[in-house]
Amino acid sequence: MKIDAVTIFPEYFAPLKLSLLGKAQESGIVEFGIHDLRSFATNVHNQVDDTPYGGGAGMVMMPEVWGKALDPLMSAQSDLIILTPAGRRFDQPMAAKFSKASHLVFACGRYEGIDDRVRQHYLSKNHRVHEVSIGDYVLGGGEVASLVMIEAITRLIPGVLGNPESLAEESHNQEGYLEYPSFTKPQNWRDIPVPEILLSGNHGEIAKWRAAQAIERAKENL
Ligand code: 6GU
């Protein structure tokens, strides 16, 4: 999979070198391209935003610079993801769908967002365009949201996780991300023992107990 991101803060994407994502890149399963939006600015001050038509607070990112950045990236294989708190909420099923894509382009908005004609233009050229949010809170920009999405998506690509069984087990529960509580050594820690059932070796009963615990935990965290 190829993943491109366009941003005025390329340094935000330094963590892509680490851990799972770093290894996935080294092994050639994913390839990242990080592009500095400002390098596509056309005016002398490298300005990428301007005041909104119709008035109001904040600044809006200008379409011309976004067009220049995105045109060379977009092809028939591309899904354009525009990060915005007004977008559709990112979840595990969406991550699973994007993990089957061949090319993702993340457009990281800052300020009050990107001139809407950028979205309209790529839609009109028959590209797949998605406005996505990662949750009901407002971030300073789409960079961190992109990182969240990239991590959730790439770990679902075959070969990225060292142990494919962890993926298989996750998708066992229909939600795909409901989890039971986990325990490891020692058997007793600060007077808290590991639940007896987990030491029983009875895999049928353990599976039942874990399913019940997962539901209990989900209720508590509602
Ligand atoms: Cl994608 N962008 C911004 N700026 N804030 C957010 C978000 C995205 N998702 C949740 N909050």
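Thresholds applied
Residues numbered from 1 in each chain as written. Predicted model: local features only at pLDDT ≥ 70, side-chain atom pairs only at ≥ 80, totals over all residues. Heavy atoms only, no water. Near = heavy atom within 4 Å. Polar contact = N/O pair within 3.5 Å; in protein donor to acceptor, adjacent residues only side chain to side chain. Areas by Shrake-Rupley, 256 points an atom, 1.4 Å probe, with all protein chains shown as cover. Helix = DSSP H or I, 4+ residues; strand = E, 2+ residues; numbered from the N terminus. Nonpolar A, V, L, I, M, F, W, Y, C, P; charged D, E, K, R; others polar. Phe/Tyr/Trp six-rings, centres within 6.5 Å; stacked < 30°, edge-to-face > 60°. Buried < 20%, exposed > 50% of the residue type's maximum accessible area, 1.4 Å probe, protein only.

## Here's the deal with the site of the ligand
Piece 1. With respect to spatial proximity, the complete set of residues near the ligand consists of Leu83, Thr84, Pro85, Val132, Ser133, Ile134, Gly135, Tyr137, Val138, Leu139, Gly141 and Ala145.
Piece 2. Separating a nitrogen atom of the ligand from a backbone N or O atom of Ile134 is a distance of 3.0 Å.
Piece 3. Against a free-state accessible area of 290 Å², the protein chains account for coverage of 96% of the ligand.
Piece 4. Looking at the shell around the ligand, the elements that each hand over two or more residues are strand S5 (78-89) and strand S7 (128-133).
Piece 5. With 3 residues, S5 is the largest single contributor of residues to the shell around the ligand.
Piece 6. Tallied by class, residues from the shell around the ligand come to 8 nonpolar, 4 polar and no charged.

## Describing the packing of aromatic side chains
Two numbers describe a pair of aromatic rings. These are the distance of the centres and the angle of the planes.
Piece 1. Per the stated rule, a full pass over the model turns up 1 aromatic pair.
Piece 2. Where Phe9 meets Tyr12, the ring centres are 6.0 Å apart and the plane angle is 65°; that geometry is what we call edge-to-face.
Piece 3. Judged by relative accessible area, which is 35%, Phe9 ranks as partly exposed.
Piece 4. A relative accessible area of 35% means that Tyr12 is categorised as partly exposed.

## Section: unusual backbone geometry
Piece 1. Across the junction of Lys185 and Pro186, the peptide omega takes the value 0°, indicating a cis bond.
Piece 2. Within the secondary structure, Pro186 is located in the loop between helix H6 (164-172) and strand S8 (188-189).
Piece 3. Positive phi values are uncommon outside glycine, yet Ser19 reaches one of about 55°.
Piece 4. Looking at where Ser19 falls in the secondary structure, it is placed in helix H1 (residues 19-26).
Piece 5. In this structure, Asp191 is a non-glycine residue whose phi angle is positive, near 70°.
Piece 6. Since its relative accessible area comes to 72%, Asp191 is described here as exposed.

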